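As a plain string of letters, each chain reads:
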Amino acid sequence: MSESGSGPGAAKRPATRLYVEDNLAEGQTLGLDRDRAHFLRSVLRLAPGAKLAVFNPRDGEWLAEIDGLGKGWCSLVIGRQLRQPAPEPDLWLVFAPIKRARIDFIAEKATELGCSLLQPVMTRFTAVSRVNEERLAANAREAAEQCERLTVPDVRPTRGLDQVLDDWPAERRLIVCAEWGEARPIAEALQALRAEAGGAATSTATPTATPWAILTGPEGGFAESELDALRKLPFVTPVGLGPRILRADTAALAALACWQAVLGDGAERPPAALAGFPAG
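No experiment lies behind these values; they were computed from the predicted model shown.

Remarks on the packing of aromatic side chains
This structure, assessed with the given rule, holds four aromatic pairs. Taken together, a centroid distance of 5.5 Å and an interplanar angle of 75 degrees make the contact between W92 and W168 edge-to-face. Taken as a pair, W92 in strand β6 (residues 91-95) and W168 in the loop between α4 (161-166) and β10 (173-177) lie far apart in primary sequence, 76 residues in all. Neither residue differs from the other here; W92 and W168 are each classed as buried. Considering the side-chain rings of W212 and W259, the 6.4 Å spacing of their centres and the 65 degrees angle between planes classify their relative orientation as edge-to-face. Highlighted residues: W212 in strand β12 (residues 212-216) and W259 in helix α7 (residues 248-262), separated in sequence by 47 residues. The buried category is assigned to W259, whose relative accessible area is 1%. Members of the aromatic cluster, connected to one another through ring pairs, are W92, W168 and F235. The ring of F55 has R17 sitting right over it, with the charged end atom 4.1 Å from the ring centre.

Quick word on the pairing of strand β2 (residues 29-32)
Side chains L30 and L32 of β2 all project onto a buried face; the interleaved residues T29 and G31 project onto a face where none is buried. In this structure, β2 lies alongside strand β5 (residues 73-83), joined through four bridges in antiparallel fashion. The partner of T29 across the bridge, within β5, is V77.

Notes on the confidence of the model for the chain
Mean pLDDT for the chain: 88, with 89% of residues reaching 70 or above. Note on residues 1-10: pLDDT under 50 across the span, and 21 contacts to partners over four residues away in sequence or across chains. Scored below 50 in pLDDT, residues 200-207 shows twelve contacts in the model against residues more than four places distant or in partner chains.

Re the sheet that holds strand β1 (residues 17-19)
Strands sit in the order β1-β3-β4-β5-β2 across an open sheet of five strands; the sheet is mixed. On the outer flanks of this sheet lie β1 and β2, each paired with one strand and no other. Strand-to-strand twist across the sheet, computed as the mean angle between neighbouring axes with direction ignored, equals 40 degrees. With respect to the sheet, helix α3 (residues 133-147) is in contact with β1 and β3 (51-56), its orientation differing from that of β1 by roughly 140 degrees.

A look at the layout of surface pockets
The space that makes up the second largest pocket amounts to roughly 520 Å³. As for the second largest pocket, its lining consists of 23 residues, of which L18, Y19, R36, R141 and E145 are closest to the centre. Broken down by secondary-structure element, the contributors of at least two residues to the lining of the second largest pocket are β1, β2, α1 (34-43) and α3.

Points about the side chain of R83
Counting through the fold element by element, R83 comes out in strand β5. R83 gets classed as buried once you look at its relative accessible area, which sits at 10%. A polar atom in the side chain of R83 sits 2.7 Å from the backbone oxygen of E148.

Side note on the environment of T126
Looking at where T126 falls in the secondary structure, it is placed in the loop between β7 (117-122) and α3. T126 sits 95 residues away from G221 along the chain, and the two C-alpha atoms are 8.3 Å apart. Apart from the residues lying within four places of it in its own chain, the contact partners of T126 are A96, P97, V121 and P218. At 2.7 Å, the side chain of T126 forms a polar contact with the side chain of T123.

Definitions and limits used
Residues numbered from 1 in each chain as written. Predicted model: local features only at pLDDT ≥ 70, side-chain atom pairs only at ≥ 80, totals over all residues. Heavy atoms only, no water. Phe/Tyr/Trp six-rings, centres within 6.5 Å; stacked < 30°, edge-to-face > 60°. Helix = DSSP H or I, 4+ residues; strand = E, 2+ residues; numbered from the N terminus. Buried < 20%, exposed > 50% of the residue type's maximum accessible area, 1.4 Å probe, protein only. Lys NZ or Arg CZ within 6 Å of the ring centre and 35° of its normal. Pairing = 2+ DSSP bridges. pLDDT = per-residue confidence, 0-100. Contact = heavy atoms within 4.5 Å. Axes fitted to C-alpha atoms, helices over the stretch in contact; angles between N-to-C directions. 1 Å grid on protein atoms, 1.4 Å probe; cavity = no way out; pocket = protein on both sides within 12 Å on 5 of 7 lines; lining within 4 Å. Points joined across faces, edges and corners; volume = space filled by probe spheres on them. Polar contact = N/O pair within 3.5 Å; in protein donor to acceptor, adjacent residues only side chain to side chain.

Here it is, written out as structure tokens:
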């Protein structure tokens, strides 16, 4: 397989990326499942010889070439490594489920914003009675493939908020987006939490080792009793998102973006391995 570069005639970075659970190594032959084979053959209309990238958090990202392709099957030959595994922030999004199109949006955008885990929780005013976790996981995987990250968020089974809090790991800080009551502005609160967790960020800082989580409520907001109980927990920090009442999906994205800017990897740039390596 040809090398990458930025000059005239240089090889292009594959536009197609696939997350695979198999171990990856140069020269290895890899078989794809029926759905992935259908996607490459019937949706993207690729053919043997086409290049793509495959990745997982253990082995990083690798160049691959379609060796054979038919109805319901596809084999790849793994080429050279494009990127090595890299650390990412340990950030959970705990959220009350909302209607289908908007919950899909949350899964997609939370993945783009670097969440490591998605945990749907049922609250008192949650209007949705059932969550399709498989669909959420598929949306998260597709978003990871599009946004150049090397990991895919874990999607946990839906549980009651009380159940999740009963099993909460004490070392994981929980930032609660509180639409009413006492709460510091999110930027101010995050700066204070950063100082507690280890000082100011720099452009070369790696993601903090402290595990974090963000909790957002349902379309009807949290019940007063829920917020009262949350404020009493030692690992909880209530934050405010401004004077406007945000939709549940907007609140999740706003909080995640603020967290990444202050406590996460928001100061970093896209991988250097992609510089001068145009997609195609």
